[in-house]
Amino acid sequence: MKRETELISFNPCPDDPFHANSTPIYQTATFALESALGGGKYDYSRSGNPTRDIVSEQIAKLEGAKYGLGSTSGMASLNVLLGLVKSGEHIIAGDDIYGGTFRLITKRLLTHKGITVTFIDITDLEKVKQAFKPNTRLILVETPSNPLQKIANLAQIAELSKKHQTIFAVDNSFMSPWLQQPLNFGADVVINSATKHLSGHSDVSGGFLLVNNDELAKELSFIQNAEGCALAPFDSWLILRGLKTLGLRIERQTQNSEIIVDYLQKHKLVTKLYYPTLSSHPGSNLHKQQASGGGNIICFETNNIDLSTQIVNKTELFNISVSFGGVHSSISLPVNMSHAAILKTEHQIASDLVRISVGIEDSGDLIADLEQAFNTKYYT
Ligand SMILES: *Cc1c(COP(=O)(O)O)cnc(C)c1O
């Protein structure tokens, strides 16, 4: 079966006596056990719930994973993953990562848990090689990175990670499994913020960890259960519903993005443009080997903070909001918004960098909106 079919055609409620065509929301905290000695597949929703199991299996299939673990947000999933790292151990992370991930690492692991970290440019394999220490437990990368769209060589980093017996984790929230499946390139764990593309409608928070290794899956699900951050039944259902149109949405968003990239590339007020399949992008060839499209996030600079601010303020079809991956287009200045948790001295994001997340609207309408936002009496 092709992925398009798998998104739609699956058993929506195994063992349900009424054969509903839409997965029921098992809105229950507890399940009756078979006897005083236990028994039964489920006992407590923090540990296991049928609605959550079905959405987890669907996402696992997309990522090419044996196991999927759903939690309350992308950050909760990252926290479960980082729970593998013990006090005194070391992690390597990309130097251009999601602001919330940076905050979790620097303000929690570093300060409260005695875990050390090296942030490196993941496009430079020499630097990656040198960053490994005897106590390195985990390497965490995003490709393309958020928001500068740096491309990591997944297969080569996987090889280095294997050599040093560390866990190689890839945050795939930017691409989603529709465009890129890092497990196929040797990653040990994939993280997806389901708040983004997987649900796609900006109406739910969720996160998933996807793994193939039995032992690792066991350890992660132990941490998730112990810390109590499993995804709720209704949120599982919302993500499952959004997931059915994942392919349609991403294909339309990518198509719209390519048209907008073409418009921005020709715009005389745009000084720098970031999109992973642009031929001028230093990682475009590598990206094309790892992913089947550029996705829906476009970043650009204007060399003029006032102009960038004006564009964000004046667009009407783009919501000014953090996050990305929804059906509705959005626009932001990452330095002030999603990446505000990163100290100005520590990040490389220009303050005039505009990030747009392209939705499924008509591309002509989106371009007309950007055009009116660029144009004022000062900037024509
Ligand atoms: C949004 C995001 C997260 C965090 O996910 P939440 O669901 O918002 O907690 C993690 N990584 C990346 C790359 C993201 O874009």
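As shown above, the structure is provided for reference.
A brief report on the enclosed structure follows.

Calculation criteria
- Residues numbered from 1 in each chain as written.
- Predicted model: local features only at pLDDT ≥ 70, side-chain atom pairs only at ≥ 80, totals over all residues.
- Heavy atoms only, no water.
- Pairing = 2+ DSSP bridges.
- Helix = DSSP H or I, 4+ residues; strand = E, 2+ residues; numbered from the N terminus.
- Contact = heavy atoms within 4.5 Å.
- Axes fitted to C-alpha atoms, helices over the stretch in contact; angles between N-to-C directions.
- Buried < 20%, exposed > 50% of the residue type's maximum accessible area, 1.4 Å probe, protein only.
- Salt bridge = Lys/Arg side-chain N within 4 Å of Asp/Glu carboxyl O.
- Expected span 1.5 Å × (residues − 1).
- Polar contact = N/O pair within 3.5 Å; in protein donor to acceptor, adjacent residues only side chain to side chain.
- Near = heavy atom within 4 Å.
- Areas by Shrake-Rupley, 256 points an atom, 1.4 Å probe, with all protein chains shown as cover.
- Nonpolar A, V, L, I, M, F, W, Y, C, P; charged D, E, K, R; others polar.
- Phe/Tyr/Trp six-rings, centres within 6.5 Å; stacked < 30°, edge-to-face > 60°.
- Lys NZ or Arg CZ within 6 Å of the ring centre and 35° of its normal.
- Core = buried A, V, L, I, M, F, W, Y, C linked by side-chain atoms within 4.5 Å.

Another aspect to go through is the sheet that holds strand S12 (residues 354-357). Here we have 5 strands laid out as an open sheet, ordered S8-S9-S12-S11-S10, and mixed in their pairing. Of all the strands in the sheet, just strand S8 (272-274) and strand S10 (319-320) have a single pairing partner and so form its edges. For S8 and strand S9 (residues 297-301), the ladder comprises 3 bridges, and the chain directions are antiparallel. Counted as the bridge partner of Tyr-274 is Cys-299 from S9. Sheet strands in contact with helix H10 (residues 246-266) are S8, S9 and S12, and its direction is about 10° off that of S9. Sitting on the sheet, helix H12 (residues 305-314) touches S9, S10, strand S11 (330-332) and S12, and the angle it makes with S11 is about 150°.

With that settled, the discussion passes to the pairing of S12. Burial of the side chains of S12 extends over both faces: Val-354 and Ile-356 are buried on one face and Arg-355 and Ser-357 on the other. One ladder, built from 4 bridges, connects S9 with S12; its direction is antiparallel. Each bridged residue has a counterpart across the sheet, and for Ile-297 the counterpart in S12 is Ser-357. Across 3 bridges, the pairing between S11 and S12 is antiparallel. Opposite Ser-332, over in S12, you have Arg-355 as the bridge partner.

Further remarks concern the pattern of salt bridges. Pairing between side chains of opposite charge can happen when their charged atoms approach one another. This structure, assessed with the given rule, holds 8 salt bridges. Here Arg-137 and Glu-89 are joined by a salt bridge, their closest N and O atoms 3.8 Å apart. Of this pair, Arg-137 sits in strand S4 (residues 136-142) while Glu-89 is found in the loop between helix H3 (74-82) and strand S2 (90-94), placing the two residues 48 residues apart along the sequence. A salt bridge links Arg-137 to Glu-219, with the shortest nitrogen-to-oxygen separation between them at 3.6 Å. Taken as a pair, Arg-137 in strand S4 and Glu-219 in helix H8 (residues 214-227) lie far apart in primary sequence, 82 residues in all. Residue Glu-219 is classed as partly exposed on the basis of its relative accessible area of 33%.

The next thing to look at is helix H2 (residues 50-63). Between its first and last C-alpha, H2 extends 20 Å over 14 residues, near the 20 Å set by a 1.5 Å rise per residue. The complete set of buried residues in H2 reads Pro-50, Thr-51, Arg-52, Ile-54, Val-55, Ser-56, Gln-58, Ile-59, Ala-60, Leu-62 and Glu-63. Of the residues that open H2, the one with a side-chain oxygen 2.9 Å from the backbone nitrogen of Thr-51 is Asn-49. Looking at the residues trailing H2, positive phi occurs at Gly-64, about 70°.

In the vicinity of the ligand lie 14 residues, with Gly-74, Asp-171, Ser-193, Thr-195 and Lys-196 positioned nearest. In this structure, an oxygen atom belonging to the ligand sits 2.8 Å away from a side-chain N or O atom of Ser-193. With respect to the ligand, the side chain of Thr-195 contributes an N or O atom lying 2.6 Å from an oxygen atom. For the ligand, whose free accessible area comes to 380 Å², the fraction covered by protein is 93%. Among the elements that make up the shell around the ligand, the one with the highest residue count is H3 (3 residues). Classifying every residue of the shell around the ligand by side-chain character gives 4 nonpolar, 7 polar and 3 charged.

Pairing in this open sheet of 7 strands is mixed, and the strands run S1-S7-S6-S5-S4-S2-S3 from one edge to the other. Looking at strand neighbours, the two that pair on one side only are strand S1 (67-71) and strand S3 (116-120), the edges of this open sheet. Mean inter-strand twist for the sheet, computed between neighbouring axes without regard to direction, equals 20°. Where S4 lies against strand S5 (residues 167-171), 5 bridges are found, and the strand directions are parallel. Its bridge partner being in S5, Val-141 is matched across the sheet by Val-170.

What follows is about the packing of aromatic side chains. Following the criterion strictly, the structure yields 5 aromatic pairs and no others. Judged by centre distance (5.4 Å) and plane angle (35°), the ring pair of Phe-31 and Tyr-42 falls under tilted. Note that Phe-31 is positioned in the loop between helix H1 (3-6) and H2 and Tyr-42 in the loop between H1 and H2, a separation of 11 residues in sequence. Neither residue differs from the other here; Phe-31 and Tyr-42 are each classed as buried. Positioned over the ring face of Trp-178 is Arg-3, at 3.7 Å from the centre of the ring. Above the plane of the ring of Tyr-98 lies Lys-196, whose end atom (NZ or CZ) is 5.0 Å from the centre.

Moving on, we come to the side chain of Ser-45. In this fold, Ser-45 is placed in the loop between H1 and H2. Excluding anything up to four places from it in sequence, Ser-45 contacts Thr-28, Ala-29, Phe-31 and Arg-52.

As a further point, take the pairing of S1. Within S1, 4 of the 5 residues are buried, leaving the element largely enclosed by the surrounding structure. Relative to strand S7 (residues 207-211), S1 runs antiparallel, the two being bridged by 5 bridges. Bridge pairing links Tyr-67 to Val-211 in S7.

Within soluble globular proteins, side chains that are nonpolar generally end up buried alongside one another. Counting 43 residues, the largest nonpolar core has Val-141, Phe-168, Phe-208 and Ile-239 as the members making the most contacts within it. If you look at the next biggest cluster of nonpolar residues, it comprises 30 residues, including Phe-102, Ile-105, Ile-223 and Cys-229.

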